Amino acid sequence: MAKKSKKMQEALKKVDATKAYSVEEAVALAKETNIAKFDATVEVAYKLNVDPKKADQQIRGAVVLPNGTGKTQTVLVFAKGEKAKEAEAAGADFVGDDDMVQKIQGGWFDFDVVVATPDMMATVGKLGRVLGPKGLMPNPKTGTVTMDVTKAVNEVKAGKVTYRVDKAGNVHVPIGKVSFEDDKLVENFKTINDVLVKAKPSAAKGQYIKNISVTTTFGPGVHVDQASF
């Protein structure tokens, strides 16, 4: 088992592992116990009582955080004609069709989000085995397959994040940076919580949210009291 650094040991001493903190306390404590030397990402993790193997219990979507993520996302749009011009005007970093497919097949991945118009999905489909495992495949549920490319690009640039339950029933979402003011992180956190609560599948039985925690890139996890939202 890897030995914890002195910084991590000191950080862990500040967190009561038996306690569930209020949203405000948890965010402040996560920032206080950050041990990274850079502006670390603050992330929330949810353990949900769902069975992702069942189609009616798969939770996936996207939401624009009110205070952004602190990261500038690079957007690639697959579009042709007027829609390509629209994407460029909206501020997309890269716009193309078959030329972009060839670049990606050649190992190019200088982008964070992929948007595509519906008519381009047959072309983008060629990249399924490459984009899929990286979580980059455009999807209507996350608003990245759309004719409204202006809205899609603007939302990504404004701080849109995607969420998706994994095989173990966990959802991980970034809510900002350590440099953010506490109230802005709390507002982003509450936005994510509202979305996930509303996304509860009707087929899910028992306690839906089993655990919530907030952490920084290398910091310890801080349990959050769900009743404090």
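A quick note: this is a predicted structure, and the numbers were derived from the prediction, not measured.

Colleague: How do you make sense of the nonpolar core when you look at a structure like this?
Modeller: As a rule of thumb, soluble globular proteins bury nonpolar side chains together. Counting 37 residues, the largest nonpolar core has Tyr46, Phe189, Ile192 and Val214 as its most contacted members. Elements with a minimum of two residues in this core: α2 (23-32), β1 (41-48), β6 (160-164), β7 (170-177), α8 (182-198) and β8 (209-216). Those residues in contact with Val214, other than ones at most four positions away along the chain, are Ala26, Val27, Ala30, Val42, Glu43, Val44, Phe189, Pro220, Gly221, Val222 and Val224.

Colleague: Mind showing me how you'd approach the environment of Leu12 here?
Modeller: Tracing the backbone shows Leu12 in helix α1 (residues 6-13). Among the residues examined, Leu12 registers a relative accessible area of 32% and is labelled partly exposed. Residues Leu12 and Ala55, spaced 43 residues apart in sequence, show a C-alpha to C-alpha distance of 39 Å. For Leu12, the contacting residues outside a window of four places in its chain are Lys4 and Pro220.

Colleague: Is there a simple way to explain the packing of aromatic side chains in this structure?
Modeller: Geometry of an aromatic ring pair is reported as the spacing of the ring centres plus the angle between the planes. What the rule picks out here adds up to five aromatic pairs. For the ring pair Phe38 and Phe218, a centre distance of 5.8 Å and an interplane angle of 80° mean the geometry is edge-to-face. One end of the pair, Phe38, is in the loop between α2 and β1; the other, Phe218, is in the loop between β8 and β9 (222-223), with 180 residues separating them in the sequence. Between Trp108 and Phe111, the aromatic rings sit 5.1 Å apart at their centres with planes inclined by 50°, giving tilted as the arrangement. Members of the aromatic cluster, each reached through a chain of ring pairs, are Phe94, Trp108, Phe109 and Phe111. Cation over ring: Lys103 sits above Trp108, and NZ or CZ is 4.1 Å from the ring centre. Lys134 extends its terminal NZ or CZ atom over the ring of Phe109, reaching a point 4.7 Å from the ring centre.

Each value, and the rule that gives it
- Residues numbered from 1 in each chain as written.
- Predicted model: local features only at pLDDT ≥ 70, side-chain atom pairs only at ≥ 80, totals over all residues.
- Heavy atoms only, no water.
- Core = buried A, V, L, I, M, F, W, Y, C linked by side-chain atoms within 4.5 Å.
- Buried < 20%, exposed > 50% of the residue type's maximum accessible area, 1.4 Å probe, protein only.
- Helix = DSSP H or I, 4+ residues; strand = E, 2+ residues; numbered from the N terminus.
- Contact = heavy atoms within 4.5 Å.
- Phe/Tyr/Trp six-rings, centres within 6.5 Å; stacked < 30°, edge-to-face > 60°.
- Lys NZ or Arg CZ within 6 Å of the ring centre and 35° of its normal.

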